[in-house]
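Structural characterization, general
Chain by chain, the residues run as shown.
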Amino acid sequence: RRPLTVICYICGREYGTKSISIHEPQCLKKWHRENNMLAKHLRRPEPKKPEVISIQAKDFYDLDSLNEAAWISAQNQLVPCDVCGRTFLPDRLIVHQRSCKPK
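These numbers were taken from a predicted model, which means no experiment stands behind them.

1. Observations concerning the overall build of the chain
The helix and strand tally for the chain stands at three helices and four strands. Along the chain, helices and strands appear, N-terminal first, in the series β-β-α-α-β-β-α. Here the C-alpha radius of gyration of the chain, 16 Å, is well above what a compact globule of 103 residues would show, namely 13 Å. Seen through its C-alpha atoms, the chain measures out along the principal axes to roughly 55 × 30 × 25 Å. When the 103 residues of the chain are sorted by exposure, 31% land in the buried category. By element, 55% of the accessible surface of the chain is carried by carbon and sulfur atoms, the whole surface being about 7800 Å². Charge separation in the chain, taken as the distance between the mean sites of 18 positive and 11 negative side-chain charges, equals 9 Å.

This is the structure in structure tokens:
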């Protein structure tokens, strides 16, 4: 059985339940740095942490629904290519557009 993991709502990567609280603030700082270096038309609004309602009185969360909401949030950060429609992070879109040819 795999250990429990939580998906980061910013980058979409999986982290352990203990390390996600350390990762998220650092990931958000990195996101701000990278977003500020992009051209104005590629900048995105700051990602918001998904709200997931606790399922018990003891503040336990449904990990599957939390991960699903975080994955959707991370996927919403992607930007489609104007030529082929594939989605990329904004800094990777610039690299992709250099080699993407219309069919």
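Here the narrative resumes.
2. Brief notes about the side chain of Asn 67
In this structure, Asn 67 sits in helix H2 (residues 63-75). For Asn 67, a relative accessible area of 13% translates into the label buried. The residues contacting Asn 67, other than those within four sequence positions of it, are Thr 5, Val 6 and Ile 7.

3. So, the environment of Ile 94
As for its position among the elements, Ile 94 is in helix H3 (residues 90-99). The exposure class of Ile 94 is partly exposed, given its relative accessible area of 36%. Here the alpha-carbon distance between Ile 94 and Cys 81, two residues 13 residues apart in the chain, equals 9.2 Å. Setting aside residues no more than four positions away along its own chain, Ile 94 makes contact with Leu 38 and Leu 42.

4. Let's talk about the side chain of His 23
Take His 23: it is sitting in helix H1 (residues 20-37). Here His 23 is in contact with Cys 8, Cys 11 and Tyr 15, once residues within four sequence places are set aside.

5. Looking at H3
Counting along an α-helix, one turn takes 3.6 residues, and residues three or four places apart therefore face a common direction. Taken as a whole, H3 has its buried residues at Pro 90, Leu 93 and His 96. Projected down its long axis, H3 shows its buried positions confined to an angular sector of 100 degrees, all on one face. Away from the buried face of H3 by more than 90 degrees, exposed residues Arg 98 and Ser 99 are located. Here the buried face of H3 lies against strand E3 (79-80) and strand E4 (87-88).

Criteria and thresholds
Residues numbered from 1 in each chain as written. Predicted model: local features only at pLDDT ≥ 70, side-chain atom pairs only at ≥ 80, totals over all residues. Heavy atoms only, no water. Helix = DSSP H or I, 4+ residues; strand = E, 2+ residues; numbered from the N terminus. Rg over C-alpha atoms; globule rule 2.2 N^0.38 Å. Buried < 20%, exposed > 50% of the residue type's maximum accessible area, 1.4 Å probe, protein only. Areas by Shrake-Rupley, 256 points an atom, 1.4 Å probe, with all protein chains shown as cover. Lys, Arg positive; Asp, Glu negative; His and termini not counted. Charge placed at Lys NZ, Arg CZ, Asp CG, Glu CD. Contact = heavy atoms within 4.5 Å. Arc of directions from axis to C-beta.

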